[in-house]
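Results of the structural survey
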Amino acid sequence: METVGSLVTAAAALVAIVVIPWQISAADRIGRDQTAREIYREFLNLTAQKPELAAADYCALPDGSQTVAYTAYVEYLLYTTEQMIGTDQTWQGPMESYLSDHMPCLCTNDDWSSLSEDVYQIVLGLRAGCGPVAACPQG
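All values derive from a computational prediction rather than experimental measurement. All chains use their own residue numbering, which begins from 1 and follows the written sequence. Two thresholds apply to this predicted model, a pLDDT of at least 70 for residue-level local features and 80 or more for giving and counting side-chain atom pairs, whereas whole-chain, interface and lining totals are computed over all residues. Excluding hydrogens and water, the side-chain figures rest on all heavy atoms present in the structure.

Things to note about the packing of aromatic side chains
Heads up, the condition is: Aromatic rings from Phe, Tyr and Trp, taking only the six-membered ring of Trp, are treated as a pair when their centres fall within 6.5 Å; an angle between ring planes under 30 degrees marks them as stacked, one over 60 as edge-to-face, and anything in between as tilted. Under the scheme used here, helices are H or I runs from DSSP no shorter than 4 residues and strands are E runs no shorter than 2 residues, and both carry numbers assigned from the N terminus. Buried, partly exposed and exposed residues are distinguished by accessible area as a fraction of the type maximum, computed with a 1.4 Å probe on protein chains only: under 20%, between the cut-offs, and over 50%, respectively.
Under the definition given, this model contains six aromatic pairs. Taking the centre distance of 5.5 Å and the plane angle of 35° together, the rings of Y58 and Y70 count as tilted. Of this pair, Y58 sits in the loop between α2 (51-54) and α3 (65-87) while Y70 sits in helix α3; the two residues are 12 residues apart in sequence, bridging distant segments of the chain. Judged by its relative accessible area of 16%, Y58 is buried. Judged by relative accessible area, which is 1%, Y70 ranks as buried. Members of the aromatic cluster, joined through ring pairs, are Y40, F43, Y73, W91 and Y98.

Quick look at the structure:
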């Protein structure tokens, strides 16, 4: 009887060792997905409330608050991209499409060192198309 009890205890411990980390990992994944979707919804809300940022002509922005607001918008777009593709790689295409609308900003700025590797690779790929049309004219 003691042997059966020991085997049952050992089996329960083994199941706990396998199941508990899996449950924690699943809960973490669900939480990250939910957070990413909330960030995406907030990005869409910002875009709807400030369409002038989504459609801004970066090269024509005067220095000052408009440039700061637009730069913050693009940074939030990059953050949203990081969150979305960090949870599901199928978001890469849609987020790349959003980013391609902001080529002058992406082409004019060179410091993207703070981006995650996935988002950096997207920006790097988009920047391959930088040229006189994509970047702001000099002068």
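Overview of the pattern of salt bridges
Counted only if it meets this: Salt bridges are defined by distance alone: a side-chain nitrogen of Lys or Arg within 4 Å of a carboxyl oxygen of Asp or Glu.
One pass over the structure, following the stated rule, counts one salt bridge. Where D110 meets R127, a salt bridge forms, and the shortest distance between an N and an O atom there is 2.9 Å. A residue pair is termed long-range when its members are at least 10 positions apart, and D110 in the loop between α5 (103-108) and α6 (117-127) and R127 in helix α6 qualify at 17 residues. The partly exposed category is assigned to R127, whose relative accessible area is 23%.

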